[in-house]
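As a plain string of letters, each chain reads:
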Amino acid sequence: MRTSGSACAPMGRAKGTSVWRQSLTGLPLLALGAPLGAVPALAQETPPAPPPASAPAQEQQDPATDQASGPEIVVLGKRLQDPVEISLSQADIATYAASDIEELVGKISQQTGGKAPALLVNGRRANMLDIAKLPPEAIDRMELLKPEAAAELGFAPDQRVMNIILLKRFRKTTLEPSARFATEGGRVEYGTSATITAIHDFDRLNISIDYARATALYESERGILQGRGYGLFDTVGNVTPAGGNAQLDPGLSALAGTPVTLAGAPATAPSGTTGLTDWLATANKPNAYPTGAYRTLMPASTKLALGTAYNMRLPDESTLSLAFNYLRDESDGANGLARASWLLPAGNPYSPFSDDVTLSRALDSAGALRSHSLRQTLTGGLTLQGPFGKWNWVISGKADTSWSETRNDRDVDTAGIRALLNAGDPGLNPFGPIALARFGARSVDRVTSNTANVGTDILVFGKLLTLPTGGAITVNARGSVTGHSIDSSSHIGGIVFGRDINNLESDLNLGLNIGLLSRARGIGKAIGDVSASLTLRRNALSGVGSAQEYLYGLNWAPLQSLSLRGQLGSARALPPIDQRGLPAIRVPNVPVYDFVRGETANITQISGGNPDLLPQKTDTISVEASWRPKSKANLNFAIGFRQTVIRDGIGTLPAIDADVEAAFPDRFERDAQGRLTALDLRPINFERQRQRGLSTRFFLAAPFGRKAPPPPPPADPMMGMLSMMTGAKRVATDPESATAMLTDPSRGRIVFGLSYDLKLEDRLRLRDGLPERDLLATGPIGGRTPSLHNLTAQLNVAKGIWSTALETRWQSGSRADGPNGLDFSSLATVDLKLSLSPTKDSGLGKRMPWLAGARATIAVTNVTNARTRVTNAQGVTPSGYEPPYLDPLGRAIKFSLRKLF
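Residues numbered from 1 in each chain as written. Predicted model: local features only at pLDDT ≥ 70, side-chain atom pairs only at ≥ 80, totals over all residues. Heavy atoms only, no water.

Caption draft 1: View of the overall build of the chain. Check the secondary structure of the chain and you find 15 helices and 41 strands. For the chain, buried positions account for 51% of its 901 residues. Contacts in the chain between residues far apart in sequence, at least 24 positions, make up 72% of those at least 6 positions apart. On the chain, roughly 38300 Å² of surface is accessible, and the fraction owed to carbon and sulfur atoms is 60%. (Helix = DSSP H or I, 4+ residues; strand = E, 2+ residues; numbered from the N terminus. Buried < 20%, exposed > 50% of the residue type's maximum accessible area, 1.4 Å probe, protein only. Contact = heavy atoms within 4.5 Å. Areas by Shrake-Rupley, 256 points an atom, 1.4 Å probe, with all protein chains shown as cover.)

Below, the structure is given as structure tokens:
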């Protein structure tokens with residue numbers, strides 16, 4: 001496998017070289033010929049050797065902006081014409097203005113179909129736990145490898161592989177305070193992060209701390225004043241007939257001239273007794289007191305994350321990685337007011353009615369129903385890897401444990417109030433302020449959960465043999481054993497329930513990659529490179545069962561710039577332990593839209609795990625074509641088709657309509673009037689789902705602007721050699737600066753990425769015997785709006801000390817059909833980031849040298865404050881679908897100042 005002077009494939013040993021001897025001599029040719037993954041790019045410290053004559057044109061990058069390509073590196077006995085699909089230089093990476101590698105990879109992941117890529121660091125396997133908080137300034141370049149590379153390197157064939165090449169020397173401390181606020185008010189977020197990073201060849205250490213706080217955002221701060229779905233539960237009260245009566249009082253009906261079936265308590269009711277005439281103004285007019293100040297759209301939160309990662313080189317070209325992370329996540333929210341309904345007997349001194357009536361109140365004197373959650377997680381990982389002849393081995397272990405607690409206030413126990421009302425106690429005005437504390441403490445639902453996972457994984461991969469056609473057969477075998485434990489308890493409504501689950505999971509994988517034809521020899525010269533892959537997997541979970549998976553792949557590169565790829569797979573996946581074992585959590589006063597009645601109901605929502613889940617079976621067919629034309633610009637275009645059929649799929653309830661309720665009647669609770677009161681959203685199995693879609697990706701990275709004339713040769717002989725080879729000059733005069741790049745300051749850099757997904761089909765059958773649902777026509781599932789078209793575009797531009805990042809997302813509108821259907825508008829959002837990064841050589845840096853190494857950023861999310869608009873057949877937005885419910889924050893502005901020391 002060959003790459004542009006980097007170690008994009010792991011660990012194979014180059015013939016006749018010695019790593020320690022290369023380290024001592026520092027000769028460029030030996031360094032570039034060292035074991036793949038064992039030597040990172042030298043990053044300006046040694047002059048690169050000129051590329052071989054056979055190197056393809058696209059590997060010789062623009063000499064004004066990037067370092068020249070290195071010589072060819074062959075690994076595992078198989079030669080790929082060009083394993084790199086997308087390459088990002090230091091200049092490209094700088095345009096993203098990311099704070100750490102985790103953020104950077106997330107931005108680039110759209111080029112992998114939105115799925116997180118498998119990671120290599122300097123050609124060796126890594127995970128996000130090891131490198132998440134490394135600063136982007138420590139990166140020399142990043143490479144997204146072609147899809148077929150995953151199978152050769154021991155990853156799943158349907159993964160994309162990203163190789164991150166770090167600088168050879170880097171030692172910096174970063175500090176980044178930030179603040180973010182919503183332009184509509186009500187929400188403020190602030191925090192700071194700090195990292196210490198040191199890299200010396202293959203040894204690196206990173207220590208990080210992140211702290212963030214956010215204030216609560218209430219419904220009243222977004223103009224949502226009424227308690228949605230509260231109905232008759234007003235803070236003063238509403239009365240309705242009791243005992244099957246058709247009206248409140250014959251006398252009141254006579255005064256009103258019409259039967260009175262409900263009435264809001266008059267304003268004088270809280271201060272004393274009333275007569276029928278006082279109720280005439282509110283006859284058949286219920287009270288509706290604003291309750292938005294008692295419910296949060298976004299809870300207050302506090303997060304603290306501590307992490308450390310260490311990587312060191314061992315003898316015989318092996319490496320050891322250690323990582324530990326601690327996370328504390330705490331939030332406090334409000335779930336509205338407690339509600340109560342009392343029988344107000346005739347003859348009570350505060351009732352003017354001749355018959356018994358029912359009084360419904362929201363009890364504001366007790367304050368909001370509070371919710372509190374706390375989760376603490378400790379994670380540790382170890383990876384040991386190295387070569388063994390022509391083979392490579394990786395041994396890794398991971399352990400994590402977490403403890404969580406959730407507390408939710410329940411409605412107040414009003415049995416004592418009811419007894420006083422029945423007794424006609426004149427000291428208790430049911431419409432006035434009520435000191436609820438005298439009747440007992442408010443009950444609290446409490447759920448705790450302790451989880452632990454400990455496992456080890458062994459991977460061996462390498463070349464098995466070379467075929468006469470010029471290709472090779474490579475094999476990877478992986479085995480892992482993981483112990484899972486979850487111990488949970490819940491105290492809900494005075495009932496104590498516990499669950500203790502312990503499972504041992506084993507996982508065996510065998511991968512085979514066969515290079516059938518090679519363009520380098522035989523008939524492959526006319527046909528091109530052809531390879532096939534096969535992956536077999538068996539997963540077993542004690543007490544649950546076992547599952548199998550297979551995946552076939554075929555890759556064909558008829559041209560050096562064009563590759564085609566097809567995959568056929570079938571998998572049976574066991575449900576994760578959290579989906580099976582988490583305890584039930586009840587959250588009161590959650591607004592949901594009931595399609596059956598065409599209204600928003602304020603319900604108790606139940607979430608948690610389901611121990612009865614069945615394994616999910618998934619069959620997939622995918623085809624993808626990728627084109628990388630010969631160009632000085634880094635250009636790539638890909639288009640793909642994917643079909644997925646899922647049986648016994650795991651998910652939550654779709655939109656609440658008659659079909660769903662008929663399929664899962666035990667998940668719904670309704671009162672005597674048919675109003676929805678509770679909804680169980682714990683995961684369930686659906687019978688069958690079929691999805692088909694097209695995806696398109698486009699990527700471009702290129703310089704712009706006129707090239708400056710070559711500078712005179714510098715005195716430094718090393719710089720002289722580099723200048724003669726690249727025609728470039730040094731921008732930064734600080735030799736210790738990680739952002740010092742050999743580039744032309746008169747030129748800028750543009751990085752553009754575009755991804756577009758088209759849903760061709762999405763059909764779901766809930767249970768056997770029920771009709772198949774066309775989700776593209778029937779609307780939301782699990783709270784999401786399915787859209788036929790989804791587009792994301794990223795544009796990053798940098799020149800001099802300025803950089804700009806623009807991201808646009810668009811999704812088409814959709815409709816939820818039915819007698820109470822809804823229309824969902826299309827949505828387009830724009831995020832904008834503007835960064836200023838002075839250098840010592842810039843005008844600003846010369847006037848204020850202390851600004852060198854700093855970056856000031858202003859980022860605006862949802863610039864136009866756009867939100868999806870939801871309307872019913874009458875063109876009215878139903879309760880619970882107001883824009884703030886769909887996007888509580890809206891437009892927000894973030895300021896951050898990042899400094900490297």
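Caption draft 2: Fine view of the nonpolar core. Core analysis: the largest hydrophobic core is formed by 27 residues, its most contacted members being Leu104, Ile139, Met142, Met162 and Ile164. Contributions of two or more residues to this core are made by strand S1 (84–89), helix H4 (101–108), strand S2 (118–121), strand S4 (139–145), strand S5 (161–166) and strand S29 (684–704). Tallying contributions element by element places H4 first for this core, with four residues. When near neighbours in sequence (up to four residues on either side) are disregarded, Ile164 contacts Ile101, Leu119, Leu120, Val121, Asn122, Ile131, Ile139, Arg141 and Met142. (Core = buried A, V, L, I, M, F, W, Y, C linked by side-chain atoms within 4.5 Å.)

Caption draft 3: Inspection of the pairing of strand S38 (residues 827–836) at higher detail. As paired elements, strand S35 (residues 802–811) and S38 share ten bridges and run antiparallel to each other. Residue Trp810 lies in a different strand from S38, and its bridge partner there is Ala828. Sheet analysis places S38 next to strand S39 (residues 854–861), joined by five bridges and oriented antiparallel. In the sheet register, Leu836 faces S39, and the bridge partner there is Ala856. (Pairing = 2+ DSSP bridges.)

Caption draft 4: Structural view of the packing of aromatic side chains. With the rule as written, the count across this model stands at seven aromatic pairs. Consider the rings of Trp279 and Phe353, whose centres lie 5.0 Å apart with planes at 65°: the pair is edge-to-face. With Trp279 in the loop between strand S11 (263–264) and strand S12 (296–298) and Phe353 in the loop between strand S14 (319–344) and strand S15 (357–388), the pair connects residues that are 74 residues apart, well separated along the chain. The residues Trp279 and Phe353 share a single accessibility class, namely buried. Ring geometry for Phe698 versus Phe752: centroids 6.0 Å apart, planes at 55°, classification tilted. Of this pair, Phe698 sits in strand S29 while Phe752 sits in strand S32 (residues 748–765), and the two are 54 residues apart along the sequence. When its relative accessible area of 24% is taken as the criterion, Phe752 is described as partly exposed. By the ring-pair criterion, three or more aromatic residues cluster together here, those being Trp279, Phe353 and Phe431. A cation over an aromatic ring shows up here: Arg125 above the ring of Phe155, its NZ or CZ 4.0 Å from the ring centre. Above the face of the Phe233 ring, Arg339 is positioned so that its terminal group lies 5.3 Å from the ring centre. (Phe/Tyr/Trp six-rings, centres within 6.5 Å; stacked < 30°, edge-to-face > 60°. Lys NZ or Arg CZ within 6 Å of the ring centre and 35° of its normal.)

Caption draft 5: Spatial organisation of the pairing of S4. Taken across its seven residues, S4 has seven buried, putting it largely inside the fold. Relative to S4, S1 runs antiparallel, the two being bridged by five bridges. Within S4, the position partnered with Ser87 by the bridge is Glu143. As paired elements, S4 and S5 share five bridges and run antiparallel to each other. Bridge pairing in S5 places Ile139 opposite Leu166.

Caption draft 6: Geometry of the sheet that holds S4. If you trace the five strands from one edge of the open sheet to the other, you get S1-S4-S5-S2-S3, paired in mixed fashion. Of all the strands in the sheet, the pair left with one neighbour each is S1 and strand S3 (124–126). Across the sheet, the mean angle separating the axes of adjacent strands is 30° when strand polarity is ignored. Sheet strands in contact with H4 are S1, S4 and S5, and its direction is about 35° off that of S4. (Axes fitted to C-alpha atoms, helices over the stretch in contact; angles between N-to-C directions.)

Caption draft 7: Summary view of unusual backbone geometry. Of note in this structure, Asn122 is not a glycine but carries a positive phi near 55°. Structurally, the position occupied by Asn122 is in the loop between S2 and S3. Even without being a glycine, Asp648 presents a positive backbone phi close to 55°. Take Asp648: it is sitting in strand S26 (residues 634–651).

Caption draft 8: Spatial organisation of a nonpolar patch on the surface. Taken together, the side chains of Phe181, Val188, Tyr190, Trp802, Leu834, Ile858 and Phe895 define a hydrophobic patch exposed on the protein surface, amounting to about 610 Å² of accessible area. If you trace the backbone, Ile858 turns up in strand S39. (Patch = residues over 30% accessible without salt bridge, like charges linked within 9 Å, V, L, I, M, F, W, Y side chains within 5 Å. Salt bridge = Lys/Arg side-chain N within 4 Å of Asp/Glu carboxyl O.)

Caption draft 9: Just H4, in detail. Among all positions of H4, only Ile101, Leu104, Val105 and Ile108 are buried. The arc that holds every buried residue of H4, seen down its axis, measures 95°, which confines them to one face. Elements in contact with the buried residues of H4: S1, helix H3 (90–94), helix H5 (128–131), S4 and S5. The residue sitting at the N-terminus of H4 and contributing the capping side-chain oxygen is Asp100; that oxygen lies 3.2 Å from the backbone nitrogen of Glu102. (Arc of directions from axis to C-beta. Polar contact = N/O pair within 3.5 Å; in protein donor to acceptor, adjacent residues only side chain to side chain.)

Caption draft 10: The pattern of salt bridges, seen in detail. Within the structure shown, the criterion is met by 36 salt bridges. Ionic pairing is found between Asp100 and Lys133, a salt bridge with its closest N-O pair at 3.3 Å. Linking Asp100 in the loop between H3 and H4 with Lys133 in the loop between H5 and S4, this pair joins segments that are 33 residues apart in sequence. The exposure class assigned to Lys133 is partly exposed, which follows from its relative accessible area of 22%. Measuring nitrogen to oxygen at the nearest pair gives 2.6 Å for the salt bridge that ties Arg537 to Asp507.

Caption draft 11: Layout of the sheet that holds strand S28 (residues 676–680). Strand order in this open sheet of four strands is S23-S24-S28-S27, and the pairing throughout is mixed. Edge positions in the open sheet fall to strand S23 (585–594) and strand S27 (668–670), since each of these has one partner strand only. When strand polarity is set aside, the average angle formed by the axes of neighbouring strands in this sheet is 25°. With three bridges connecting them, strand S24 (residues 599–607) and S28 associate as parallel partners. Within S28, the residue paired with Gln605 across the bridge is Leu679.

Caption draft 12: Just the confidence of the model for the chain, in detail. Per-residue pLDDT for the chain averages 80, and the proportion of residues at 70 or more is 83%. Confidence, read as mean pLDDT per element, is least for helix H2 (residues 28–32) in the chain (28) and greatest for strand S13 (residues 300–313) (96). (pLDDT = per-residue confidence, 0-100.)

Caption draft 13: Region of the structure containing the environment of Thr792. By the secondary structure assignment, Thr792 is in strand S34 (residues 789–799). Among residues more than four places away in sequence, those in contact with Thr792 are Gln110, Gly753, Leu754, Ser755, Glu807, Thr808 and Arg809.

Caption draft 14: Summary view of the environment of Leu851. Assignment of secondary structure puts Leu851 in the loop between helix H14 (843–847) and S39. Judged by its relative accessible area of 14%, Leu851 falls in the buried class. Leu851 has contacts with Pro838, Leu844 and Lys899, leaving out every residue within four places of it along the chain.

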